[in-house]
Every structure is written in structure tokens, then in C-alpha cells.
Amino acid sequence: MSLISILKKKNNITLFTTPSHSGSLCIYHKFYQWYRSDISEIDALDPEKALEKAECKAAKIYNTKLTKFLTNGSTSGILAAVLTCCNAGDKILIWDKAHPCHKNGAKLAGAEIVEYQIQYNEVWGIFECISPYEIETLIKKHTPKAIIITSPSYEGIVSDIKEISNICKKYGTFLIVDEAHGALYPFSELLPQSAIPYADFTVQSLHKTAGGINPTALIHSNCELDVTKALNMINTTSPSYPMLATIEANINYLKSNKGKNKIETLIRQIDSIKKTLHNIEFYGDDPTKLLIKKDGLTGFELSEILYNKFNIEDERTNEKSTMLLTGLGTTEAKLYRLKKALIKIDKLK
Ligand SMILES: Cc1ncc(COP(=O)(O)O)c(C=O)c1O
């Protein structure tokens, strides 16, 4: 039985177990259905077994050795991957501007952090990808046990993970890819190649672009190392089955024709917006992220105009450009509002 169907099924047993709300005392009524579905891991319907099955099914979908559901974000996936690859004293290469979880993983493992830098793009105010050549130079110099790469970056810059993985294999360095912002990549050829087939560990946030609820995520493994020990160290022993069921449903949706159509329609709609503009420029490898800039306006000014005049909030802004994030929940109506605003800004002198 799937996790989803276990939560739908009515359990007639009289519970003297955790959770103590027993699915009937609903202290915060807005989430009544959530309370109803919030069962214990030792429930008679055996949700632990159902979770195992759901993760095996996910591994088949993503073509991995192991895929695990995470309910504490990509943060927990990165921590677990680092704890799995590194012992105390091992060196790990970490981008100096990476998400804090990268260094926190190394600190928990007692690993030695070796920071690396990435080329800065002055025109767009963002960091570029890291090249396989730079990776090889870093590995030769530091002989690390592992390296973490963020790809795509927040702004949608993607590194050549296939080639980087060949280099890592050549030197026996574990490759962990933070694909937090790329959870849609395995599901459409219109998107960049996912790191999953190449990296030892790939971590993806479902909540960022793939329509998942905060903070659902996945860790995929394609190496012999077993990440479950590390996950058991950092995870609760009382998992949230409603959250885990949303992950199961989320993957089913992404894999379905409906999911693929949704992704590809979104990409086509964004593409058509780009074609109507003449003075606003776009940059980046990920078509779902609208990284924009316009001559004569700083990124901050562009962001302010969008917010103050059009009631549109961007995801991230710097001195040169601003980035609007889209994902599975971005409706046509929402894109139409953005298009109308951008056409007006495009015409500003
Ligand atoms: C590049 C990157 N990696 C990891 C994370 C952590 O992801 P989560 O919020 O799913 O824990 C973030 C969050 O913003 C991120 O931007």
C-alpha cells in the first residue's frame, strides 16, 4: 500500500499511542486534515514499510541506487552526504559563498574545510559556473576526500557535472552536488541535465521549484556509500507521514504526463515573454529562472519598480540584475501579469 493510501484509510483501532492528539483533538483547526493524517510510525497500517516502498519506487523513477525522502530540506541532505563521505580530518572542498549547510556538514564531520572561489560575472552581478579544468586544478592541489558543487546556482547557472564527475572519479574524490534549485531537471529535456546520473550524491529541494511544500527534499545516491546511517543520526525518529506522503505524490506528479506538460508549458510561456521584449536582457542556463537586467537601471531599481508599480516581488536582486523564480505553481495568469509589467519597463527610457 502506498503512503498516500495509508493516510486515506480509516484506522478503526482505538489508539493509546503517540501522537497524543490521536487524530481527533485538533488544536489548530485550519489544519484539521493534517491532524487526521498525522499517524505514528508504529501505526498498524505500517507506514514505515510504505515509506520504504515509496523510496524504492522513487529510486526506479530517478534511476538511482538509493533515493531518500527528506522532511528537513536540502540542508539535511547535504549534512548527511558530507557525514557519509568524510571522516574527521578529511579535506573537503567547499565554495566560499555556498549555502551555510555545506560548511556545517563539514563541521559536524570534523572535516577540514578548503574553500574555493568561483569567477564573478561583473556585468550580471552573479557567480558563474565552475569549470572541469578549475576542479581538476583544485583536486590536484588539495587532494580532497570530497567536493560540493552548487549547480544550478540560485540564479540558474549550471556546471558541467558530467565532465566534473569524470575528473572526480579519476582522483577518487567524492562528488556531492547541491541541486536544491534543480528538482525539475530530471523531468524535461527542455531543462539542463540533472547531476543525478553522475554525482555520488545529489540533493534537491522539492519545495523550491517542483511544487512541494516547505521543506520537502530528496537525496539521491549513485555510489556504494550508505547514506542511511548519517540520515538516521540527523533525522527525527518520529517522521511526519503527511509530509512524506506529499513527497510521494509530488514525485508521481512530476513523473506523469500532466507534470511534464506543466513544466514544458511553463517554459514555452516564459520563452514567449522573452520574445516580446527588446531592451530587457536575460541570462542563465535555466529557462524557469528569469534573470533580467536593463540598461540604465540597477538591479535594485528594477526590483523596486516591479514591486512598487506592479506589485510583483522578485526572488533575489543584486546591483546589476534581478531574478524572478518560477516553478510548478506559476500560473498563466501570473505570467501574464509579469509580461504586462515587463513590456512597460522595456519601453522606459
Ligand atoms: C543553493 C542552496 N542549497 C541548499 C539550500 C537549503 O535548502 P533547504 O531550504 O531545502 O534546506 C538552499 C536554500 O536556500 C540553497 O539556496
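An account of the site of the ligand is requested, with residue identities and associated values reported.
In the vicinity of the ligand, the contacting residues are Gly-73, Ser-74, Thr-75, His-99, Cys-101, Thr-150, Tyr-154, Asp-178, Ala-180, Ser-205, Pro-215 and Ala-217. The biggest single contributor to the shell around the ligand is helix 4 (residues 73-85), with three residues. Of the residues contributing to the shell around the ligand, the split by class is five nonpolar, six polar and one charged.

Can you tell me about the domain arrangement of the chain, naming the residues and giving the values?
Partitioning the chain into structural domains gives domain 1 (72-234) and domain 2 (258-347). Each of domain 1 and domain 2 has a C-alpha centre, and these two points are 27 Å apart. At the junction of the two partners, domain 1 supplies 19 residues and domain 2 supplies 24 residues. Each residue belonging to the side of domain 1 that touches domain 2 can be placed in one class, and the counts come to 13 nonpolar, five polar and one charged.

Could you give an account of unusual backbone geometry, with specific residues and numbers?
Cis peptide bonds are those with omega within 30 degrees of zero, and the linkage from Thr-18 to Pro-19 qualifies with -10 degrees. Take Pro-19: it is sitting in the loop between helix 1 (3-8) and helix 2 (32-37). Geometrically, the link from Asn-214 to Pro-215 is a cis peptide bond, its omega value of -15 degrees lying close to zero. Within the secondary structure layout, Pro-215 lies in the loop between helix 8 (206-209) and strand 9 (217-221). Here the phi dihedral of Asn-63 falls at roughly 55 degrees; this positive angle occurs in a residue that is not glycine. Examined against the element boundaries, Asn-63 turns out to sit in the loop between helix 3 (47-62) and strand 1 (66-70). Of note in the backbone geometry, Asn-311 takes a positive phi value of approximately 60 degrees without being a glycine. By secondary structure assignment, the location of Asn-311 is in the loop between helix 12 (299-310) and strand 12 (316-317).

Account for the nonpolar core, with residues named and values stated.
With 89 residues, the main nonpolar core has Leu-3, Ala-81, Val-82, Ile-92, Ile-147, Ile-176 and Ala-199 as its most contacted residues. Two domains each put at least three residues into this core: domain 1 (72-234) and domain 2 (258-347).

Before we move on, could you go through the environment of Asp-43 and cite the residues and values that matter?
Mapped onto the fold, Asp-43 is located in the loop between helix 2 and helix 3. On the neighbour-count criterion, Asp-43 (17 C-beta atoms within 10 Å) is partly exposed. C-alpha of Asp-43 to C-alpha of Lys-140: the two residues are 97 residues apart in sequence and 52 Å apart in space.

Rules used in this analysis
- Residues numbered from 1 in each chain as written.
- Predicted model: local features only at pLDDT ≥ 70, side-chain atom pairs only at ≥ 80, totals over all residues.
- Near = placed C-beta within 6 Å.
- Helix = DSSP H or I, 4+ residues; strand = E, 2+ residues; numbered from the N terminus.
- Nonpolar A, V, L, I, M, F, W, Y, C, P; charged D, E, K, R; others polar.
- Domains from an automatic or database assignment.
- Contact = placed C-beta atoms within 7 Å.
- Core = buried A, V, L, I, M, F, W, Y, C linked by C-beta atoms within 7 Å.
- Buried ≥ 20, exposed ≤ 12 C-beta atoms within 10 Å, placed from the backbone.

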